[in-house]
Amino acid sequence: MIATSKANEAGSADGQSRVVVIGGGLAGLAATCTLAARGYAVTLCDKNPWLGGKAAVLSEGGYRFDMGPTILTIPEVLRRVFAEAGRDLHEELDLVPLDPQWRSFFTDGTTLDLVADVTEMRRNLDTLAPGRKAGDGYERFMELAKRLHRLSDDYFFWRPVGGMKDMFDSKRGLTLGLLKEIMGMRPGHSVGGTVRAFVPEERAAQMFDHFTQYVGSNPENSPAVLCGIASMQSRDGVWYPMGGTRAVPEALASLATDLGVEIRTECPVQRIRTERGKVVGVETASGEFIPAAAVVSNSDSVRTHRELLDQPTAAKFLRRRGYEPACSGVVLYLGLKRRYEQLLHHNFVFSRDPHEEFESIYRKGEPAPDPTAYVCAPAMTEPEVAPEGGEALYVLVHTPYLRPHHDWSKMLPAYRNTIIEKLRSTAGMEDIEDRIEVERALTPQDINDRYHVLNGAIYGLASHGRFMGAFKPSNRSPDVEGLYLAGGAAHPGPGMPMVMMSGWIAADCVDKDGLVERSRSSQPSPVMAS
């Protein structure tokens, strides 16, 4: 299906003035809108009948579920994308702040709310564990997180980064100040170890570990620089777009149409064609050749190279480093006839032993026997997601990425019961089976097949490695001129704001590299990189 924009500029552009974007996930949409706002003719191809990738919607029996991401942070990324076209984010989306940001349920029956204000959070921790100085440790941890956040802003975000050398200006040389900045990132330390160095209280530490669940990785083997996520979330907040997170790709797709993008749904790309090391266009599954001077791939970066490029190029990419998939997951969509009042919008129902849980998922490659469940209960914020008094419950439990012996058609029934029992025993949802009116599920195999990701990974590539784990493939290909990468398996990594930032970075690289002729003047007052 070809959905031609009202301007239809991309359809008439020749190869030298066209950019093809492969995949209309959040990253692909962000890249598309940024490029179109800057005056480039863009053709967006997606294999699915919808745009938004994992940010899809399931509606059944009066219930509406966000199928993929549900936590929106760092709205500055969306603001920048819309500002490229002179649009005000708050006129495009109705964003509601959520604070407390989430509620944690522990196996000993206690609960702990995460709030944005550091002083208030300190009081919450001192109430949870009197005399343990957990609040003081948290305050010091947040000072570290703030420094790591600043370092990420200064050296990591809003630019194409594929390794340490890309973060710094080589012309300045290795100065004492630069060495201090590098050491300030705590190389060689893990998220889990850093958290416990400041907050040894195990329940609190288990909650702070889960900032790394935005990147689908083991906190015991992820670099300490990711602790900066705590500061980002505290400063920038957690938000809910009314209409669900599905409202985000819908708003971006609408902007793309207004900007004259040629949108082709149900149009899978089967090959990126190159000549003498340069992109010249793409071939679709129907055999059509679309000429282009640049291609932005929002497909998984590993699968882009393995499946869309020639073997020598793929081999060069695959030899550069090891590419471990991030974790996968089982998602239950449960339409409940009565909501649970103890739930906030976002909730974590924690395992009895995080070390056992991470050992199972990340080292043994098996589902955890007692997992942590993330539970989204949006009806308190938007009652329209369910019939009156009901709840469109979204339950996500992380699992290993797909292994050859995993057969989720056989594994799901028993693991579904494990998840339900977890909700019953730890979150006080004893009668949940009686409240379920609608039930659907996604397994790692479903995620793999539906979204064309690497081994069913939800979050692209794992962030494992205490020195280099934060680095993903650069947004600008070092191997093919005119090829750019965006999405959770490219820099800066997974999570709603990060994938949209990756799309903006890829588009900014296209613009700066000058390989594509503009088809028209850019929109007024674009927001430039800071």
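Shown above is the structure to which this text applies.
Residues numbered from 1 in each chain as written. Predicted model: local features only at pLDDT ≥ 70, side-chain atom pairs only at ≥ 80, totals over all residues. Heavy atoms only, no water.

(A) Up close: the side chain of Asp300. With respect to the secondary-structure elements, Asp300 resides in the loop between β15 (294–297) and α12 (301–308). Summary of buried charges: Asp300 has no salt-bridge partner, and the nearest side chain of opposite charge, Arg303, is 5.8 Å away. At 2.9 Å, the side chain of Asp300 and the backbone nitrogen of Val302 are in polar contact. Here the side chain of Asp300 touches Arg303 through a polar contact of 2.9 Å, landing on its backbone nitrogen. Each residue touching Asp300, except ones within four places of it in the same chain, is listed here: His452, Leu454 and Ala489. (Helix = DSSP H or I, 4+ residues; strand = E, 2+ residues; numbered from the N terminus. Buried < 20%, exposed > 50% of the residue type's maximum accessible area, 1.4 Å probe, protein only. Lys, Arg positive; Asp, Glu negative; His and termini not counted. Salt bridge = Lys/Arg side-chain N within 4 Å of Asp/Glu carboxyl O. Polar contact = N/O pair within 3.5 Å; in protein donor to acceptor, adjacent residues only side chain to side chain. Contact = heavy atoms within 4.5 Å.)

(B) Molecular detail of the packing of aromatic side chains. In this structure the tally under the stated criterion is 18 aromatic pairs. Aromatic pair Phe317 and Tyr323: ring centres 4.6 Å apart, planes at 5°, arrangement stacked. Comparing Phe317 with Tyr323, the two get one shared label, buried. Chaining the aromatic ring pairs together yields one cluster made of Tyr63, Phe65, Trp102, Phe106, Phe211, Tyr333, Phe348, Phe350, Tyr374 and Tyr394. Against the face of Tyr401 rests Arg403, its NZ or CZ located 3.8 Å from the ring centre. (Phe/Tyr/Trp six-rings, centres within 6.5 Å; stacked < 30°, edge-to-face > 60°. Lys NZ or Arg CZ within 6 Å of the ring centre and 35° of its normal.)

(C) Region of the structure containing the pattern of salt bridges. This structure, assessed with the given rule, holds 42 salt bridges. Measuring nitrogen to oxygen at the nearest pair gives 3.1 Å for the salt bridge that ties Arg196 to Glu202. Overall, the relative accessible area of 32% leaves Glu202 in the partly exposed class. The salt bridge involving Arg338 is made with Asp431; its shortest N-O contact spans 3.4 Å. On the criterion of sequence distance, the pair formed by Arg338 in the loop between β16 (328–336) and β17 (346–349) and Asp431 in the loop between α15 (408–426) and α16 (432–435) is long-range, its members being 93 residues apart. Overall, the relative accessible area of 40% leaves Arg338 in the partly exposed class. Connected through shared salt-bridge partners, Arg38, Glu84, Asp508, Asp511, Lys512 and Arg518 make up one network.

(D) Representation of the packing of helix α3 (residues 76–84) against helix α11 (residues 247–258) in the model. The contact between α3 and α11 brings their axes to 11 Å, and the two run at 15°. One finds that α3 runs roughly parallel with respect to α11. Pair α3 / α11 crosses with left-handed handedness. Judged by residue contacts, Leu78, Val81 and Phe82 of α3 engage Val248, Ala251, Leu252 and Leu255 from α11. Here the contact of α3 with α11 is composed, by residue class, of seven nonpolar, no polar and no charged. (Axes fitted to C-alpha atoms, helices over the stretch in contact; angles between N-to-C directions. Parallel < 35°, antiparallel > 145°, perpendicular 65-115°, else oblique. Left-handed = near helix turned anticlockwise from the far one by under 90°. Nonpolar A, V, L, I, M, F, W, Y, C, P; charged D, E, K, R; others polar.)

(E) Main features of the environment of Gly277. For Gly277, the position within the fold is in the loop between β12 (269–275) and β13 (278–284). Counting along the chain gives 205 residues from Gly277 to Gly482, while the straight-line C-alpha distance between them is 9.0 Å. With residues near it in sequence (within four places) discarded, Gly277 still touches Asp479, Val480 and Glu481.

(F) Spotlight on the sheet that holds strand β18 (residues 373–376). Here we have seven strands laid out as an open sheet, ordered β9-β8-β17-β18-β19-β16-β20, and mixed in their pairing. Unpaired on one side and paired on the other, β9 (111–114) and β20 (436–442) mark the two borders of the sheet. On average, each strand axis in the sheet is tilted by 20° relative to the strand beside it, whichever way the strands run. Where β16 lies against β20, six bridges are found, and the strand directions are antiparallel. In the strand pairing of β20, Leu336 is matched with Ile436. (Pairing = 2+ DSSP bridges.)

(G) Region of interest: α15. Taking 1.5 Å of rise per residue, the 19 residues of α15 would be expected to cover 27 Å, and the 25 Å separating its terminal C-alpha atoms lies within 8% of that figure. Within α15, the axis deviates most sharply at Ala414, by approximately 30°. Buried within α15 we find Trp408, Tyr415, Arg416, Ile419, Ile420, Lys422, Leu423 and Thr426. Of the residues trailing α15, Gly428 is marked for its positive phi of about 70°. (Expected span 1.5 Å × (residues − 1). Bend = angle between axes of the 7 residues up to and from the residue.)

(H) Region of interest: the side chain of Arg38. By the element assignment, Arg38 lies in the loop between α2 (26–37) and β3 (41–45). Taking relative accessible area as the criterion, Arg38 reaches 3% and is therefore assigned buried. Polar contacts involving the side chain of Arg38 include one to the side chain of Asp508, which spans 2.7 Å.

(I) Quick peek at the environment of Arg235. With respect to the element layout, Arg235 can be found in helix α10 (residues 228–236). Look at Arg235 and you get exposed, because its relative accessible area is 56%. When the C-alpha positions of Arg235 and Ala116 are compared, they lie 7.1 Å apart, and in sequence the two are 119 residues distant. Arg235 has contacts with His149 and Asp153, leaving out every residue within four places of it along the chain. At a separation of 2.9 Å, a polar atom in the side chain of Arg235 contacts the side chain of Asp236.

(J) Quick peek at the sheet that holds strand β6 (residues 72–73). Read from one edge of the open sheet, three strands run β6-β10-β7, paired in antiparallel fashion. In this open sheet, the two edge strands, each paired with only one partner strand, are β6 and β7 (95–98). One ladder, built from four bridges, connects β7 with strand β10 (residues 238–241); its direction is antiparallel. Its bridge partner being in β10, Pro97 is matched across the sheet by Trp239.

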